[in-house]
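Fold and contact review
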Amino acid sequence: MSTIQTDFTRLLGIRTPIVLAPMSGASGGALASEVSLAGGFGFLAPGVENFRDEFDVARSILNVPSGPLPIGAGFLGWKLEEARSPHVALLELALENGVRAIWLSFGEDLGRWIELVRIHDEKSGKSPKTLVFVQVNSVDEALIAAYTWKVDVLVAQGIESGGHGSSHAPPVLNLVPQVLSALPPSSGAPPVLAAGGLSSGAHLAAFLTLGAAGAVVGTRFLLAEESQYSDAQKRAIIAAKAGSAVRSFAFDELRGTTGWPAGRGADVARIKEQVGEGSKKGDPDTCDCLGWYGGGTAGQASAREGKGVTRTSYPLWVDCTPTNKDIVRELHDAAVARLEASSVLVGDDA
Ligand SMILES: Cc1cc2nc3c(=O)[nH]c(=O)nc-3n(C[C@H](O)[C@H](O)[C@H](O)COP(=O)(O)O)c2cc1C
């Protein structure tokens, strides 16, 4: 496999700048490990069931019975900040397991958790130190993360992304250049990764040429064999069309995930009826999955090119469920092809 080299891949010592997002309910030990084994970097999410056991799964797949793990773990700030939050113990568990990186997002006091990570490193004498990734939705947040918290990697999340995000976030195509212009790589600023709606190697190539050091991919990986999403949920993503994913908080209301800032959404009462039935029947149109039913799930990447996300590459998804390795490989190879192809666009005057 060829490599794509950026400040980010050099920092982590990896072969391709593709990062699996920590996705509650989807990113377990298998998903995270396979992305790292394929040359990218995978994050576990504590929202997945049996977070503790997922470390054993990861150790077995990675063949690392003890010691540091070449994967990361992602935490939601507001979950850590709840009174007597069990997530604080999970953060400590991740650190004890020697994860290579901790990802933090959506909190009022992220600096406190970054401090906790750094104190843990100091006390344990960990080397290399745990890298801190922070996901941001604006230039102001990026400046605080870079200058106040001195994070190692910035993830610029655009409005198109799956999962939760700020309703004020610009499209990722605008946010990434804004962040890069406020924090030029030449100034020693942390590498910036693009997140939101990225589902193809061409997307990755486009963001590398904009100056990003890599891409964070979420929705695209929900379809991987190792994803914890159910078959019905995967079918719903495949069936998605352009316009299927709409950002709202309806999903949180459905699931009772309180704590997120209040928001306006779709007609929750109507959706509640449909989703209850749809999830039972495994109906892709109404099962508990797509972002059109709320903020907690698949994003715009579910409708790549106006078709189901995998339809172009895996027409019979039941027979051809891609593994994580397939997805990393496909994204990497297509990005290299696009980068090589674009170099011929530059010529001398005739
Ligand atoms: C199902 C799902 C769950 C997610 N859960 C989290 C999470 O727990 N923490 C977090 O910081 N981001 C979460 N995200 C957002 C990702 O970090 C990332 O910004 C997003 O997936 C990128 O957009 P994409 O899904 O279009 O690739 C989630 C995304 C999805 C699709």
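An unreviewed UniProt entry annotates the protein chain as 2-nitropropane dioxygenase of Russula earlei.

Quick notes on helix 2 (residues 29-37)
Most of helix 2 sits inside the fold, with 7 of its 9 residues counted as buried. Every buried residue of helix 2 is listed here: Gly 29, Leu 31, Ala 32, Ser 33, Glu 34, Val 35 and Ser 36. Those residues of helix 2 that are buried are in contact with strand 1 (18-20), strand 2 (41-44), helix 3 (51-62), strand 3 (69-76) and helix 13 (324-343). One or two residues past the end of helix 2 sits Gly 39, with phi positive at roughly 110 degrees.

Comments concerning the site of the ligand
The ligand sits among 21 residues. The nearest are Ser 24, Ser 105, Gly 197, Gly 218 and Thr 219. Within the contact set of the ligand, an oxygen atom lies 2.7 Å away from a side-chain nitrogen or oxygen of Ser 24. In the environment of the ligand, an oxygen atom lies 2.9 Å from a nitrogen or oxygen atom belonging to the side chain of Trp 103. Of the residues belonging to the shell around the ligand, the class tally is 8 nonpolar, 13 polar and no charged.

Some remarks on the confidence of the model for the protein chain
Residues of the protein chain with pLDDT of at least 70 account for 75%, and the chain-wide mean is 83. Contacts from residues 262-266, a stretch scored under 50 in pLDDT, to residues over four places away or in other chains number 8 contacts. With pLDDT under 50 throughout, residues 303-320 is counted as low confidence; its partners more than four residues away or in other chains account for 45 contacts.

Description of the packing of helix 9 (residues 201-210) against helix 13
Relative to each other, helix 9 and helix 13 sit at 55 degrees, their axes nearing to 7 Å. In terms of their interaxial angle, helix 9 and helix 13 are classed as oblique. In this structure, helix 9 meets helix 13 at a crossing whose hand is right-handed. Here Gly 201, Ala 202, Leu 204, Ala 205, Leu 208 and Thr 209 of helix 9 lie close against helix 13, whose contacting residues are Leu 331, Ala 334, Ala 335, Arg 338 and Leu 339. Along the lines of polarity and charge, the residues of the contact of helix 9 with helix 13 split into 8 nonpolar, 2 polar and 1 charged.

Cut-offs used in this document
- Residues numbered from 1 in each chain as written.
- Predicted model: local features only at pLDDT ≥ 70, side-chain atom pairs only at ≥ 80, totals over all residues.
- Heavy atoms only, no water.
- Buried < 20%, exposed > 50% of the residue type's maximum accessible area, 1.4 Å probe, protein only.
- Helix = DSSP H or I, 4+ residues; strand = E, 2+ residues; numbered from the N terminus.
- Contact = heavy atoms within 4.5 Å.
- Near = heavy atom within 4 Å.
- Polar contact = N/O pair within 3.5 Å; in protein donor to acceptor, adjacent residues only side chain to side chain.
- Nonpolar A, V, L, I, M, F, W, Y, C, P; charged D, E, K, R; others polar.
- pLDDT = per-residue confidence, 0-100.
- Axes fitted to C-alpha atoms, helices over the stretch in contact; angles between N-to-C directions.
- Parallel < 35°, antiparallel > 145°, perpendicular 65-115°, else oblique.
- Left-handed = near helix turned anticlockwise from the far one by under 90°.

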